[in-house]
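# Notes for the structure review
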Amino acid sequence: MSSMTLAAEQDAAPEDAEDGVWLACIECGATFAPFDAVRYRCDDCDGLLEARYADPPTFEDFEGEGVWRYSAALPFDEGVSLPEGNTPLHYVPRLEESVGVNTLRVKHEGMNPTGSFKDRGMTVGVRVAEELGVDRLACASTGNTSAALAAYGARAGLETLVLLPAGKVAAGKVAQASLHGARILEVDGNFDACLDIVQDLAERGEAYLLNSLNPFRLEGQKTIGLEILEEFYADEGRYPDRIVLPVGNAGNTAALFKCFRELVRSGQLDADEVPRLTGVQAEGAAPMVEAVENGWDHTERWDEVETRATAIRIGNPVNAPKALPGIRETGGTAVAVSDEEITDAQRSLAAEGVGVEPASAASVAGLRKLRDRGVVGDEEDVVCLTTGHLLKDPDAAAEAGGDPEPVPNDTDAVLERLGN
Ligand SMILES: *Cc1c(COP(=O)(O)O)cnc(C)c1O
Ligand SMILES: [Zn+2]
């Protein structure tokens, strides 16, 4: 049976596992020692790799706070930390009411140290880079990965290189990468082209790749799922029916699915308790939605992509082979939303005090659309993931918000303006 199902059996540790950790190819099942060499894909078939554990954890194995609370589910006990994780699971009562579901909570990943969930992946990825003894870290990025890599690389004292699509990265993100000391190369092409180049560099041994193609990044991002399940259960006495998230390279979708598979294998969760993974893309960059709607097990590359939600402006989601089974196996779905729907959702979240960047608001826009279509029922308990902070993209925030009103330097004039 494929390893990418909820029912897949726990496999025995291969001989070259280290402390019960190894890498396995999701396509052919080949296994590899985790830290003996730099490896992003299967030597035999070029398939994606994932980390495997001899002992998948239960909630009893977790202690402490943040990403490293979950070290029993990670390849190491600690890492280069700023620290990350432990993000709020907001109540949004007005939004819950207007969307029309039983429960709506918002897991705001914009509250991580550099303002996006990418920090969770980076704390683990940079720890692995130290283990491997590499000296230059690199990524292609729509912005947030570069900000996280720059900060965690700086913390670890390692050189960082980021490739960005010229003119398509929000201002806050470039500023972060720049101040944290990354070398920034702006490529005359989209994100997918940047990722092609950085994969070539990594293959030639020029840099250690920390995009979500790197299986250890996804280990850190798995902790989003662990936090949601633990906290939702503590508050509500049950698990959410559905988790709705924005999809770009589909790393988070893959990571959440892996989180659930491991909890089912350890006996912590029953397969029918697993939340339905529901992915949302922008209409102008929706290869995953296309694949789900057509029942494909792969995505077709979109060469032209466009959306205001620059963090998910991606036409070739590298993690699709891990993420599509996650959507299918959990009974989830995927939906595309327009830029206007994204901006509306950004305003609705802001009206609850939750400030997010456009890509993040896609989750709420997608939920609203699926609720309107009757795909999501009114009895459902839903968690929407908001992936990045409002300040990441100040231009989009200013455009979505109201305009400041100029007034003279005079109290009476101010009162007059206020309409008194
Ligand atoms: C990276 C990112 C995404 C996309 O996540 P994937 O794991 O690549 O699907 C969505 N939103 C924000 C804000 C991001 O930074
Ligand atoms: Zn393989």
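This is a predicted model, so every value here is computed, not measured. (Residues numbered from 1 in each chain as written. Chains lettered and ligands numbered in written order. Predicted model: local features only at pLDDT ≥ 70, side-chain atom pairs only at ≥ 80, totals over all residues. Heavy atoms only, no water.)

## Some details on the overall build of the chain
Here is the rule we go by: Here a strand is any run of E in DSSP of at least two residues, a helix any run of H or I of at least four, and the numbering for each starts at the N terminus. Radius of gyration: over C-alpha atoms. The globule rule applied is 2.2 Å multiplied by the number of residues raised to the 0.38 power. Each residue is assigned to one of three classes by its accessible area relative to the maximum for its type, calculated with a 1.4 Å probe on protein chains only: buried under 20%, partly exposed between the two thresholds, exposed over 50%.
Across its full length, the chain carries 13 helices and 13 strands. Relative to the globule expectation of 22 Å for 420 residues, the C-alpha radius of gyration of the chain, 21 Å, shows essentially globular dimensions. With respect to the three principal axes, the spread of C-alpha positions in the chain is 80 × 50 × 45 Å. Relative to its full complement of 420 residues, the chain shows a buried share of 59%.

## Describing the site of ligand 1
Convention followed: Summary of the distance rule: residues count as near a molecule or strand when at least one heavy atom falls within 4 Å of that molecule or strand. Polar contacts, as counted here, are pairs of nitrogen or oxygen atoms within 3.5 Å of one another; within protein the pair requires one atom able to donate a hydrogen and one able to accept it, and residues that are adjacent in sequence qualify only if both atoms are side-chain atoms. What sets the accessible areas is the Shrake-Rupley method with a 1.4 Å probe; for residues, cover comes only from the shown protein chains.
Taken together, 15 residues lie around ligand 1, and Lys118, Asn144, Gly248, Asn252 and Thr387 are the ones closest in. Take Gly248: an N or O atom from its main chain is 2.8 Å from an oxygen atom of ligand 1. Measuring from a nitrogen atom of ligand 1, one finds a side-chain N or O atom of Thr387 at 2.7 Å. Starting from 380 Å² of accessible surface for ligand 1 in isolation, the protein chains cover 97%.

## Things to note about helix H7 (residues 251–266)
An α-helix turns once every 3.6 residues. As a result, residues three or four positions apart point the same way. For the record, the criterion: Between the first and last residue of a helix there are one fewer steps than residues, each counted as 1.5 Å, and that sum is the expected span.
Helix length check: H7 (16 residues) gives 23 Å between terminal C-alpha atoms against 22 Å at 1.5 Å per residue, within 8%. Of all 16 residues that make up H7, 15 are buried, and the element is covered over most of its length. Just downstream of H7 lies Gly267, where phi reads positive at about 90°.

## So, the packing of aromatic side chains
We apply this condition: Two aromatic rings, drawn from Phe, Tyr or Trp (for Trp, its six-membered ring), form a pair once their centres lie within 6.5 Å of each other, and the interplanar angle then sorts them: stacked below 30 degrees, edge-to-face above 60, tilted otherwise. By definition here, charges over rings are those cases where NZ of Lys or CZ of Arg is within 6 Å of the ring centre and within 35 degrees of the ring normal.
By the definition in use, this model includes six aromatic pairs. A ring pair is formed by Phe59 and Phe62, whose centres lie 6.1 Å apart and whose planes are at 40°; its orientation type is tilted. Ring plane angle 75° and centroid distance 4.7 Å describe the contact between Phe62 and Tyr70, whose orientation is recorded as edge-to-face. Grouping residues by exposure puts Phe62 and Tyr70 together as buried. Put simply, the rings of Phe35, Phe76 and Phe216 pair up and form one aromatic cluster. Taking NZ or CZ as reference, Arg127 lies 3.9 Å from the ring centre of Phe76, over its face.

## Some points on the sheet that holds strand S11 (residues 276–282)
The condition is simple: In short, DSSP must find at least two bridges between two strands for them to pair. Note on geometry: axes are C-alpha line fits, over the in-contact stretch for helices, and angles between N-to-C directions span 0 to 180 degrees. Contacts are assigned to residue pairs that have any heavy atoms within 4.5 Å of one another.
Pairing in this open sheet of six strands is mixed, and the strands run S4-S5-S13-S10-S11-S12 from one edge to the other. The open sheet is flanked by strand S4 (89–91) and strand S12 (333–337), the only strands paired with a single partner. Each neighbouring strand pair of the sheet contributes to a mean axis angle of 25°, computed without reference to strand direction. Where S4 meets strand S5 (residues 103–108), three bridges bridge the pair, whose relative direction is antiparallel. By the bridge assignment, Tyr91 is partnered in S5 with Arg105. Taken strand by strand, helix H6 (residues 215–236) contacts S4, S5, strand S10 (242–246) and strand S13 (381–386), and its axis lies near 140° from that of S5.

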